[in-house]
Amino acid sequence: MRSWSVAIAFVVVGTVVGCAHAPATPAAAPATAQRPGGEGGRGGEGARPPQGVATVRRAPAPPNWERQDSVRKALMAEVLATVAGRENEPAGTVFKNVKFSKNMPVKDFLVMMDEQYGRSVGATCTGCHANTNVGGVLKVDYADDSPKKKQISRLMEQMTQTINKELSKNKGLDQPYIRSTCVMCHRGTEHMPTTMKQLKNSDPPPQTRQKG
Ligand code: HEC
Ligand code: HEC
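Residues numbered from 1 in each chain as written. Chains lettered and ligands numbered in written order. Predicted model: local features only at pLDDT ≥ 70, side-chain atom pairs only at ≥ 80, totals over all residues.

Caption draft 1: Quick look at unusual backbone geometry. Even without a glycine there, the phi angle at serine 101 is positive, about 50°. With respect to the helices and strands, serine 101 occurs in the loop between helix H3 (91–94) and helix H4 (106–118). Unlike most non-glycine residues, arginine 187 shows phi in positive territory, near 50°. As for its position among the elements, arginine 187 is in the segment after helix H6 (182–186). The class for arginine 187 is partly exposed, based on 17 C-beta atoms found within 10 Å. (Helix = DSSP H or I, 4+ residues; strand = E, 2+ residues; numbered from the N terminus. Buried ≥ 20, exposed ≤ 12 C-beta atoms within 10 Å, placed from the backbone.)

This is the structure in structure tokens:
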């Protein structure tokens, strides 16, 4: 177990943690989740629960990606500094507690944390990793497995790999093999729309052709 201390203004972290649900976070996610797609948040599925009763999955407004980006960037730089010179070694040997992607070079592993695990689900690093914030000094323990979001994310990784295995069996695809990722489903948010009704005309089309 190791932890890195990162000095980031408390006020900045407090407003961008987003999906952290950390007990000590002052700016915890507001309970008034808005559904995207409908004017005044009135879009969404047909059957709706009585107001204020959280019985169905929520689709809150997307987080502030730019603000989160800068926090993740700062934390990435801190982690990279602690493993300087070992960026090309496998994540499984440099870090203590990596179960998947063990052979991925450290620098690629951290890019994956930033883009796939972070931006794609609208989270900063502390959204999944155990942390304390004392007097504005943020300490993150990346190897700690206790946060629920980290545990769920491992299951998500497992699921993504299973999908890839199944997908590669389908030889009839226009493109021989599309690799599924966290981005494929999440697109920047933890709780994403699941019906076309929730999508606006200005949203990107559900599929984008890729080269290669
Ligand atoms: C959506 C949840 C999530 C987010 C956000 C996230 N991580 Fe992770 N992180 C994980 C999971 C899950 C693992 C374990 C991966 C595995 O076992 O293969 C992990 C592992 C790590 C490890 C290895 C720790 C060790 O010692 O074993 C580091 C370092 C790390 N993350 C850094 C970061 C950084 C830096 C960020 C922000 C840029 C970040 N993570 C964002 C879920 C997340
Ligand atoms: C095949 C689609 C799919 C893929 C791929 C996928 N997820 Fe998810 N994920 C979901 C769904 C569906 C939910 C539940 C959404 C909801 O509650 O609105 C979810 C929920 C989550 C949550 C929130 C859990 C909670 O507390 O409610 C996290 C964090 C998460 N996923 C991380 C990841 C990460 C990291 C990856 C890539 C390793 C990933 N997901 C890949 C479909 C996917």
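Now that the structure is up, let's keep going.
Caption draft 2: Here's a closer look at the nonpolar core. If you look at the biggest cluster of nonpolar residues, it comprises 15 residues, and the most contacted ones within it are Phe109, Met113 and Val140. Among the secondary structure elements, those contributing two or more residues to this core are helix H2 (65–82), H4 and strand S3 (137–141). At 5 residues, the largest contribution of residues to this core is made by H4. (Core = buried A, V, L, I, M, F, W, Y, C linked by C-beta atoms within 7 Å.)

Caption draft 3: Examining H4 more closely. If you look at H4, its biggest bend is around 30°, right at methionine 112. Taken together, the buried positions of H4 are occupied by Val106, Phe109, Leu110, Met113, Tyr117 and Gly118. The elements touched by buried residues of H4 are H2, H3, helix H5 (148–168) and H6. (Bend = angle between axes of the 7 residues up to and from the residue. Contact = placed C-beta atoms within 7 Å.)

Caption draft 4: Focus on the site of ligand 1. Taken together, 28 residues lie near ligand 1, and Phe95, Asn97, Cys125, Cys128 and Ala143 sit nearest. Only H2, H4 and H5 provide two or more residues apiece to the shell around ligand 1. Of the residues forming the shell around ligand 1, the biggest block, 5 residues, is contributed by H4. Grouping the constituent residues of the shell around ligand 1 by class yields 15 nonpolar, 6 polar and 7 charged. (Near = placed C-beta within 6 Å. Nonpolar A, V, L, I, M, F, W, Y, C, P; charged D, E, K, R; others polar.)

Caption draft 5: Broad picture of the site of ligand 2. Near ligand 2 lie 18 residues; those nearest to it are Ser153, Met156, Cys182, Cys185 and His191. Going through the elements one at a time, H4, H5 and H6 are the ones with two or more residues in the shell around ligand 2. When residues in the shell around ligand 2 are grouped by element, the largest group, 7 residues, is from H5. Within the shell around ligand 2, the residues separate by chemical class into 8 nonpolar, 6 polar and 4 charged.

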